[in-house]
Amino acid sequence: MRRADMVARLDRHDGPWDLVVVGGGATGAGIAVDAASRGYDVLLLEQHDFGKGTSSRSTKLVHGGVRYLEQGNIALVMEALKERGLLRQNAPHLVSNLAFVVPNYDWWEAPFYGLGLKVYNALAGKYGFGASEILSREETLQRLPTIKTDGLRGGVVYYDGQFDDARLLINLMETAADQGATVLNYARVVEVTKADDGFVDGVVAEDQESGRRWTAPARVVINAAGPFSDSVRRLAEPEAQPLIAPSQGIHLVFHESFLAADSAIMVPHTSDGRVMFAIPWHGHTLVGTTDTPIDTPTLEPRPLEEEIDFILETADRYLLKPPTRADVLSVFVGIRPLVKGGDGKLTAALSRDHTIHIDASGLLTTTGGKWTTYRNMAEHTVDQAADLARLEEKPCVTRTLNVHGFHPSAERFGPLRMYGSDAQGIQDLMHETPALAQPLHSDLPYTGAEVVWAARHEMARTVEDVLARRTRALFLNARAATAMAPEVARLMAAELGWDATRMSAEVAAFTALARGYQV
Ligand SMILES: Cc1cc2nc3c(=O)[nH]c(=O)nc-3n(C[C@H](O)[C@H](O)[C@H](O)COP(=O)(O)OP(=O)(O)OC[C@H]3O[C@@H](n4cnc5c(N)ncnc54)[C@H](O)[C@@H]3O)c2cc1C
């Protein structure tokens, strides 16, 4: 996947595209994969890097959502559990089975959560990840050696999926490209064009690298801009009433010793009635999340001090050695594109289901949902879009479509497991140039070969793209990522032809950005 090839495809394209997708997050990528694999002619445009928005900032769970079960939303849970199973089937290199333990401190918790989690597993049917079990106090401590022991009675273990969101996103873009879609990052949609009858008939996009503009006519335009969906809708209809109630959630990342386990902790009721997780992720401990309504979405949302305090306080309630601010290696924030309910509703109670909305101008907006259900959401959206645009009917094939990198036993690639079948290419780079096999920082596993691979094959265009989304360095350890930036810039310069001025500008920009991930 090379950006120059994508630009060339766009330049030589003749006539209208079947579909133009605005937004390169989970929603847009899923639609591009679905539509291209049905045989439609698709263009996807992302204003920044793929996954710059919410889709690289999730809790990294492929899950049915135990909380929605408690709210009685059985249909939503069943759909998500099925999608969880399909994703593991189609991307086994990226989805793993993770044990979650609900620690019990009250007598009623074991029977209550024990029964609830049995139902959760039963709803998964043939897509189950493993039966839940009630644990004794000793078994709970074996699984969670760092859990607070005062008053601990036992626990309940259940199983769910875990993944790397940004890596799945890149693999989905590659899948879309393999299926013939044109996918372009750093291409911002600045206008939505209309025909004489007032119906949307395409977009104008601006290349954020060269400043040049393209007009891309389309049979249907799909707005998949997540938290930014309303601003894209207003390009077509300046008076459009907002659909999205944005809400941010933060995560704190700590050294792995705070959890020191292969199992995760699931706290079903924090002091504000939410769910909180502490999860082992890429050799670190990830804790989150919050749910704070915000007014305006931005690409680099900031954590509130009270959100940081809230997570630290909750961790303090459950961990023997509670982390402090000084232990935070990275803090990252994502914005939920929740679909509005009535006035005054808390965002935690707004719809987690996806919504397809068609404006009078014919602009189709698809939003809400969650990462886990991106495939199903894409299938519904392409069905609707094909009807709206009167495209020839073509069946969806993604239930059994392998995601790029598919490999049934990717564990054999060790730290490169996430790359699946691409791992071999990275290993080849290491053999050709042994220096590229060295980790770029002693606290993180990432090597020079991954930087070269990202620039050559994964459309990484900046130091940030490599350190935030092709690898997860920034999300794991912001200071270590900053220390890696000069070497990443040097390796990228050789691939992308940067001069010394560009290299220093890249390092300076990344250093400034990474400050926002430190507390
Ligand atoms: C804190 C948090 C935790 C979560 N945890 C989980 C989880 O564990 N499991 C799960 O299943 N789900 C989870 N989710 C939900 C999931 O992350 C989101 O539902 C999903 O990522 C939304 O994807 P999206 O593509 O709709 O939005 P985004 O990823 O934000 O993508 C929209 C894209 O549109 C682009 N864009 C905007 N305007 C334009 C324009 N004019 N031109 C071109 N491009 C434009 C943006 O740059 C952005 O990249 C979580 C969400 C949050 C906030």
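So, a few notes on the structure that sits alongside this text.

Basis of the calculations
Residues numbered from 1 in each chain as written. Predicted model: local features only at pLDDT ≥ 70, side-chain atom pairs only at ≥ 80, totals over all residues. Heavy atoms only, no water. Axes fitted to C-alpha atoms, helices over the stretch in contact; angles between N-to-C directions. Helix = DSSP H or I, 4+ residues; strand = E, 2+ residues; numbered from the N terminus. Parallel < 35°, antiparallel > 145°, perpendicular 65-115°, else oblique. Left-handed = near helix turned anticlockwise from the far one by under 90°. Contact = heavy atoms within 4.5 Å. Core = buried A, V, L, I, M, F, W, Y, C linked by side-chain atoms within 4.5 Å. Buried < 20%, exposed > 50% of the residue type's maximum accessible area, 1.4 Å probe, protein only. Polar contact = N/O pair within 3.5 Å; in protein donor to acceptor, adjacent residues only side chain to side chain. Near = heavy atom within 4 Å. Areas by Shrake-Rupley, 256 points an atom, 1.4 Å probe, with all protein chains shown as cover. Nonpolar A, V, L, I, M, F, W, Y, C, P; charged D, E, K, R; others polar. Pairing = 2+ DSSP bridges. Phe/Tyr/Trp six-rings, centres within 6.5 Å; stacked < 30°, edge-to-face > 60°. Lys NZ or Arg CZ within 6 Å of the ring centre and 35° of its normal.

Turning to the packing of helix H11 (residues 423-432) against helix H12 (residues 448-457), a few remarks are in order. It is at 9 Å that the axes of H11 and H12 come closest, and there the two elements cross at 120°. It follows from the interaxial angle that H11 and H12 lie oblique. In this structure, H11 crosses over H12, and the sense of that crossing is right-handed. Side by side, H11 and H12 meet where Gly-425, Ile-426, Leu-429 and Met-430 of the first sit next to Ala-449, Glu-450, Val-452, Trp-453 and Arg-456 of the second.

The next subject is the nonpolar core. Counting 69 residues, the largest nonpolar core has Leu-19, Val-42, Leu-45, Phe-50, Val-183 and Leu-184 as its most contacted members. Excluding residues that lie within four positions of it along the chain, Phe-50 makes contacts with Met-1, Gly-24, Leu-44, Leu-169, Ile-170, Met-173, Val-183, Leu-184, Asn-185, Met-459, Arg-469 and Arg-470. Formed by 45 residues, the second largest nonpolar core is a distinct cluster that contains Val-253, Met-430, Ala-468 and Phe-510.

Inspection of the secondary structure assignment puts Thr-471 in the loop between helix H13 (463-470) and helix H14 (473-476). Sequence separation between Thr-471 and Lys-126 is 345 residues; the distance between their C-alpha atoms is 33 Å. Apart from the residues within four sequence positions on either side, Thr-471 is in contact with Tyr-446, Glu-450 and Val-466. Within polar-contact distance, the side chain of Thr-471 engages the backbone oxygen of Val-466 at 2.7 Å.

Now for the site of the ligand. Taken together, 38 residues lie near the ligand, and Thr-27, Glu-46, Ser-55, Leu-61 and Thr-372 sit nearest. Residue Gln-47 places a side-chain N or O atom 2.9 Å away from an oxygen atom belonging to the ligand. One of the backbone N or O atoms of Lys-60 is found 3.5 Å from an oxygen atom in the ligand. Computed on the free molecule, the ligand has an accessible area of 1000 Å², of which 96% lies beneath the protein chains in the complex. Elements supplying a minimum of two residues to the shell around the ligand: helix H2 (26-38), strand E8 (187-194), strand E11 (244-255) and strand E16 (330-339). Of the residues belonging to the shell around the ligand, the class tally is 14 nonpolar, 18 polar and six charged.

Quick look at the pairing of E11 now. Taken across its 12 residues, E11 has 11 buried, putting it largely inside the fold. Sheet topology places E11 next to E16; 10 bridges connect them, and they run antiparallel. Directly across from Ala-245, in E16, lies its bridge partner Leu-338.

Moving on, we come to the packing of aromatic side chains. Counting across every chain of the model gives 12 aromatic pairs. Measuring from centroid to centroid gives 6.1 Å for Tyr-105 and Tyr-318, while their planes differ by 65°, and the two rings are edge-to-face. Of the two residues, Tyr-105 is situated in the loop between strand E4 (96-104) and helix H5 (109-123) and Tyr-318 in helix H9 (residues 305-318); the sequence distance between them amounts to 213 residues. The exposure class of Tyr-105 is partly exposed, given its relative accessible area of 22%. Considering the side-chain rings of Trp-371 and Tyr-374, the 5.7 Å spacing of their centres and the 75° angle between planes classify their relative orientation as edge-to-face. Taken individually, Trp-371 and Tyr-374 each receive the classification buried, so the pair is uniform in this respect. In this structure an aromatic cluster arises from ring pairing among Phe-100, Tyr-120, Tyr-158 and Phe-277. The ring of Phe-129 carries Arg-88 above its face, with NZ or CZ at 3.8 Å from the centroid. The ring of Phe-258 carries Lys-321 above its face, with NZ or CZ at 4.5 Å from the centroid.

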